[in-house]
Amino acid sequence: MLKDKCTMTINPLQVGDQVILEHEHFQQLFTALLSRGYEVVGPTVRDNAIVYDTLTSTADLPIGYTDEQDGGTYRLKKRGDEALFGYAVGPHSWKQFLHPPVIRLWQARSDGNSFRIDAENLEAPKRAFLGVRSCELHAIAIQDKVFTGTRYTDPVYQARRGNVFIMAVNCGQAGGTCFCTSMQTGPKATAGFDLALTEVLDANRHYFVFEIGSHLGAEILQDVPHRAASQDDIQLAEDIVARTAEHMGRSMDTTDIKDLLYRNLEHPRWNDVATRCLTCANCTMVCPTCFCTTIEDVTDLTGKQAERWRKWDSCYTMDFSYISGGSIRSSTKARYRQWMTHKLASWIDQFGTSGCVGCGRCITWCPVGIDITEEVRAIRQSDSILTTMIKEQ
Ligand code: SF4
Ligand code: SF4
């Protein structure tokens, strides 16, 4: 039976309200955001992957695409329908917009006698992030803590973060490397958004159940035709997300994980993974929470102008742990162990939260398919054998 497409405007919308927006009205969300001066950034297909870039209309979305993901594998394929959000996450995360990969911090000019330092203009673009998954909301919350939650605040991040509108998407299907349920970060967006939608699509209907998360979200949706969601609509949306939660591609037992890793710093598994790891740093580049940077100073040939640049760096590079006399982590084993124990153990000591949100990107985009969930499982298995042996002695 065809869903009743009659729409009306509920006036005024409130935070917490749930409303239905028909597929044919989705473009008007773009109009509402663009007319308020937002650059809309969201998923689009480029180079055979779904990446995040500037969008101007619904047509720019990956309509009818889905992705197949596994360790070291990513493929796009057609779904056979017109879904706007029928895929998981791709190689990009939102961190590139909040914590840019390369940024100039200042320039200095010399007139021969003295020099002047010009700070960069930190004015941030007004951006609407469209299609933010629950794991990504958690990743943004983690980076909020890293960049603004301690006594040190990063002004670049703070300026960009303060100018962002977030439209989240509750996942309608899990990717092959997703494990957000293990990390308790998804697949339903529960906080940190202005609007959150669940896409409902079958042979007879195509609409979105929207939840309003902020006054700004209510104001934007007010401009778009909508109707109140019924209990049946809300239940159907809940069922879609519940089904997604049951089909995670991966899982990770996080019980006691901090102490598990701390007491296994000399576990033979680190040698094993070191024979496979290429130290290419892909996993840290695609990870939505990794935040390490390096600083580079450059001068022109006359010596009259110098610039300081900040660039993403990685614990997988030899230079990253270089201090006078050499690198602290010179072996692959030491660098992989540093990355994984920081993510899952020392991050908790540092920031009170895990550094992993279970998005699966590091598994999909590792060229040799190294899988963080498998590495934890291997250590946990032999740790329990060892613990049992000790108890039996
Ligand atoms: S460690 Fe891997 S699964 Fe966890 S947040 Fe980073 S990329 Fe995602
Ligand atoms: S774990 Fe994989 S992605 Fe990460 S540095 Fe090693 S080879 Fe590269």
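The structure we're discussing is the one just above.
Residues numbered from 1 in each chain as written. Chains lettered and ligands numbered in written order. Predicted model: local features only at pLDDT ≥ 70, side-chain atom pairs only at ≥ 80, totals over all residues. Heavy atoms only, no water.

Draft legend 1. Broad picture of the site of ligand 1. The local shell around ligand 1 consists of Phe179, Cys287, Pro288, Trp339, Lys343, Cys356, Val357, Gly358, Cys359, Gly360, Arg361 and Cys362. Among the secondary structure elements, those contributing two or more residues to the shell around ligand 1 are helix 11 (332-351) and helix 12 (361-364). (Near = heavy atom within 4 Å. Helix = DSSP H or I, 4+ residues; strand = E, 2+ residues; numbered from the N terminus.)

Draft legend 2. Inspection of the layout of surface pockets at higher detail. Of the volumes computed, that of the largest pocket is approximately 360 Å³. Of all the elements in the fold, those that place two or more residues in the lining of the largest pocket are strand 10 (195-201) and helix 7 (231-245). Tallying contributions element by element places helix 7 first for the lining of the largest pocket, with 4 residues. Its residues assigned to classes, the lining of the largest pocket shows 8 nonpolar, 6 polar and 5 charged. Estimates place the volume of the second largest pocket at around 220 Å³. Elements with a contribution of two residues or more to the lining of the second largest pocket: helix 3 (134-148), helix 5 (180-183) and helix 11. Residue composition of the lining of the second largest pocket, grouped by class: 7 nonpolar, 7 polar and 1 charged. (1 Å grid on protein atoms, 1.4 Å probe; cavity = no way out; pocket = protein on both sides within 12 Å on 5 of 7 lines; lining within 4 Å. Points joined across faces, edges and corners; volume = space filled by probe spheres on them. Nonpolar A, V, L, I, M, F, W, Y, C, P; charged D, E, K, R; others polar.)

Draft legend 3. Focus on the packing of aromatic side chains. The final tally for this structure, using the stated rule, is 18 aromatic pairs. Judged by centre distance (6.4 Å) and plane angle (55°), the ring pair of tyrosine 316 and tyrosine 336 falls under tilted. Taken together, the residues span a long stretch of sequence, with tyrosine 316 in the loop between strand 14 (305-312) and strand 15 (322-323) and tyrosine 336 in helix 11 at a distance of 20 residues. We note that tyrosine 316, like tyrosine 336, is buried. Every member of this aromatic cluster is reached through a ring pair, and the members are Phe147, Tyr157, Phe291, Trp347 and Phe351. The positively charged end of lysine 78 is found above the aromatic ring belonging to tyrosine 65, 4.2 Å away from the centroid. (Phe/Tyr/Trp six-rings, centres within 6.5 Å; stacked < 30°, edge-to-face > 60°. Buried < 20%, exposed > 50% of the residue type's maximum accessible area, 1.4 Å probe, protein only. Lys NZ or Arg CZ within 6 Å of the ring centre and 35° of its normal.)

These figures come from the coordinates and say nothing about function on their own.
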